Amino acid sequence: MRHRLDIRIGPVAFRIGSAWKAPLDALARLYASYPAPEDGLADFTVRLEPERPWRRFIRPSVAIRGDYTLADAAPLSLAHGLLAAEMGMNLQMALGQKRYLLLHAATVERDGRALIMTGESGAGKSTLAALLGERGWRLMGDEFALLDMASGDLLPFPRAVSLKNGAIEVMQAEVPAERFGPRLDGTPKGAIRHMRPNAEAIDRMGEGATPALILFPRFGETQAVRGVGAAEVFMRLTQASTNYVALGRDGFDALNRLIAANPALAIDYPDTETAVALVEDFWRARAA
Amino acid sequence: MASPVYIADSGSAVLTVALDGLSVLFHAPSGMTHIVATPAPEILDALQTGPADAPELIRRLRERYDFEGDEAEGALHARLDELEAAGLVRRA
Amino acid sequence: MSGTDKDQAGGSAFVPSRRTVLVLGAAAASTVVTVRPALAQAAGSVLNCEIPVPGPHAGGQYIAADGNLVAPGTPGAAPPLGRALKGEEVKSLLRSGTTPAGTDPTSAQAYANYIRRLQSGMSGFTCYASLQTRP
């Protein structure tokens, strides 16, 4: 392809090719200070291609292609090329990751122990994780948690945080402007702005953590907390995993070990500050 | 009409983990995981000693459990159909 | 093992039983749930998708209220929508009955039922499947 960028995020190396320069320039700025893949080898390839040959120039239309693709994926405009690259990388992970059990979850670490927050998109876990990452926690990832099935540890996947709508202002108030990508309005998910994790998260992207607590957060509700039984946790985590079924016995064993060793809570919260306070309380209780 | 004889995979072919009130089963031959509620684990357990038809299964289950009401055989067939659809039980 | 308990109508068995009652469940009950591959929760991050209503295979047919394809102009049936519905619109439509822009509530319901009937291999199926999230 005409333009190319290699990036390593945690244990995963991506090669992103593009017919246009602009999205890769934006991606390179967003991922400035990330390491290059070791030995220059990529685990996954993403390609940003014109939907039709002439769509490279006329009303440029960016189709997300790569090692793994999804039928029915609609192209994005060139203005949203950075978003296309990010979605492409997510897609490779969601469809192609076989080495680690993938959970659709945000993870933050403190004192070598990890907090896993999982739930539907829009439930607020990305924002919560991003905020905790600026409040003394290390952000391990806002989208995918990687469970090493042999050791039971979580590995970091600190991609750029995808902030949507109201969350953009929340983080802009806490984080220097240099760490943000361009504001993308009018995307299929509303306004999006990407935020680079802080230096600690990037420097320590090779460092795993042992899970300690599982949370199912729900934003926009009256504050409430309840314990979640093991069977429900199992069911919800399999629904949050794109590769559980493919991993067979190893996935079954790893998930059961994770659940047996860690308490799970569902927390409803009306705003992120309340959520942060709840997290700190439960974390202290867990450590006690 | 003879009642069909059912067989369940045994031993290491099925891993069972009891979680609160439910069990999760990994069926090695298919690689599939199933989340099951009573009486599925008890029925699978009763088939461990060998294939059985429904009347025989009821007899085995009655050694350990009581049943409520007199719908036992009908209900058992419904449970066996479910287990068969999931691949955890098959007909001889 | 506790002593055998014989079924005795009205019997006053004095020996306490350690046997439990096994509830076999109603015929319609569901006691086995198989874990299926799941893309739904991650779908928002990986898939920008659209569903054409109807798909290219329909050849100009209209969509009846129950979602089936019918001859063009059939009374009460919705015409093909000139644009594909975006994933977010489909989600709102299926969850809360939100009428997409450029259409009316009756047609919207026909489109919703059409989408619910999509099968693997039909245009829009992967998109529909990825929007499935548990209530």
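Residues numbered from 1 in each chain as written. Chains lettered and ligands numbered in written order. Predicted model: local features only at pLDDT ≥ 70, side-chain atom pairs only at ≥ 80, totals over all residues.

Each helix and strand counted, chain B has three helices and seven strands in total. Going from the N terminus to the C terminus, chain B shows its helices and strands as β-β-β-β-α-β-α-β-α-β. The C-alpha radius of gyration of chain B comes to 13 Å, within 12% of the 12 Å expected for a compact globule of 92 residues. The principal-axis extent of the C-alpha atoms belonging to chain B is close to 35 × 30 × 20 Å. (Helix = DSSP H or I, 4+ residues; strand = E, 2+ residues; numbered from the N terminus. Rg over C-alpha atoms; globule rule 2.2 N^0.38 Å.)

Moving on, we get to the confidence of the model for chain B. Predicted coordinates in regions of low pLDDT should not be interpreted in detail. Residues at a pLDDT of 70 or more form 97% of chain B, whose mean pLDDT is 91. Complex prediction metrics read pTM 0.87 and ipTM 0.92. (pLDDT = per-residue confidence, 0-100.)

In this section: the interface of chain A and chain C. Each side of the interface is counted separately: chain A has 23 residues, and chain C has 23 residues. For the side of chain A that touches chain C, the element with the most residues is helix 2 (residues 81-96) of chain A, which contributes four residues. Class assignment of the residues belonging to the side of chain A that touches chain C gives a composition of 12 nonpolar, seven polar and four charged. (Contact = placed C-beta atoms within 7 Å. Nonpolar A, V, L, I, M, F, W, Y, C, P; charged D, E, K, R; others polar.)

Let us look at the environment of A:Glu109. All names here are of chain A. Mapped onto the fold, Glu 109 is located in strand 6 (residues 101-110). Judged by local crowding, Glu 109 falls into the buried class, with 25 C-beta atoms found within 10 Å. Other than its neighbours up to four places away in sequence, Glu 109 contacts Ala 114, Trp 137, Arg 138, Met 140 and Ala 209. (Buried ≥ 20, exposed ≤ 12 C-beta atoms within 10 Å, placed from the backbone.)

We now examine unusual backbone geometry. In this chain, B:Thr38 is followed by B:Pro39 through a cis amide linkage whose omega measures 10°. Positionally, B:Pro39 belongs in the loop between strand 4 (32-36) and helix 1 (40-46). In this structure, A:Arg59 is a non-glycine residue whose phi angle is positive, near 40°. Tracing the backbone through its elements, the reader meets A:Arg59 in the loop between strand 3 (44-50) and strand 4 (61-66). The phi angle at A:Asp111 is positive, at roughly 55°, despite the residue not being glycine. Counting through the fold element by element, A:Asp111 comes out in the loop between strand 6 and strand 7 (113-118).

To continue, consider the sheet that holds strand 3 (residues 23-27) of chain B. With antiparallel pairing, the four strands of this open sheet are ordered in space as 2(B)-3(B)-4(B)-2(C). Every other strand in the sheet has two partners, leaving strand 2 (14-18) of chain B together with strand 2 (32-34) of chain C as the edge strands with one partner each. The average undirected angle you get between the axes of adjacent strands in this sheet is 25°. Bridge analysis of strand 2 of chain B against strand 3 of chain B gives five bridges, and the strand direction is antiparallel. (Pairing = 2+ DSSP bridges. Axes fitted to C-alpha atoms, helices over the stretch in contact; angles between N-to-C directions.)

Next up on the list: the environment of C:Ala112. On the secondary structure map, C:Ala112 appears in helix 3 (residues 105-116). When the C-alpha atoms of C:Ala112 and C:Gly59 are compared, they prove to be 19 Å apart, with 53 residues separating the residues in sequence.

Time to look at helix 3 of chain C. Residue and element names in this part refer to chain C. Helix length check: helix 3 (12 residues) gives 16 Å between terminal C-alpha atoms against 16 Å at 1.5 Å per residue, within 8%. Buried within helix 3 are the following residues: Ser 107, Ala 108, Ala 110, Tyr 111, Ala 112, Tyr 114 and Ile 115. Summarising the contacts, the buried residues of helix 3 are in contact with strand 3 (50-51), strand 4 (62-63), helix 2 (87-96) and helix 4 (125-131). (Expected span 1.5 Å × (residues − 1).)

Here we take up the interface of chain B and chain C. Taken together, the contact between chain B and chain C spans 25 residues of the former and 13 residues of the latter. Going through the elements one at a time, strand 4, helix 1, strand 6 (65-66) and helix 3 (72-86) of chain B are the ones with two or more residues in the side of chain B that touches chain C. Per-element accounting of the side of chain B that touches chain C gives the leading share, nine residues, to helix 3 of chain B. Grouping the amino acids of the side of chain B that touches chain C by side-chain chemistry returns 15 nonpolar, four polar and six charged. Bridge analysis of strand 4 of chain B against strand 2 of chain C gives three bridges, and the strand direction is antiparallel.

The next subject is the packing of helix 2 of chain C against helix 3 of chain C. All names here are of chain C. It is the contact of helix 2 with helix 3, at a shortest axis distance of 10 Å, that shows an interaxial angle of 100°. One element, helix 2, and the other, helix 3, form an angle in the roughly perpendicular class. Between helix 2, through Val 90, Leu 93 and Leu 94, and helix 3, the contact on the second element is made entirely by Ala 108, Ala 112 and Ile 115. Here the contact of helix 2 with helix 3 is built from residues that sort into six nonpolar, no polar and no charged. (Parallel < 35°, antiparallel > 145°, perpendicular 65-115°, else oblique.)

This part takes up the sheet that holds strand 13 (residues 190-195) of chain A. All names here are of chain A. Spatially, three strands are ordered 11-13-12 in an open sheet, and the strand pairing comes out antiparallel. Here the strands that pair on one side only, and so sit at the sheet edges, are strand 11 (161-164) and strand 12 (180-187). Across this sheet, the average inter-strand angle for adjacent strands is 25°, counted without regard to direction. By the bridge criterion, four bridges tie strand 12 to strand 13 in an arrangement that is antiparallel. Looking at strand 13, one finds that Arg 183 is bridged to Arg 193.

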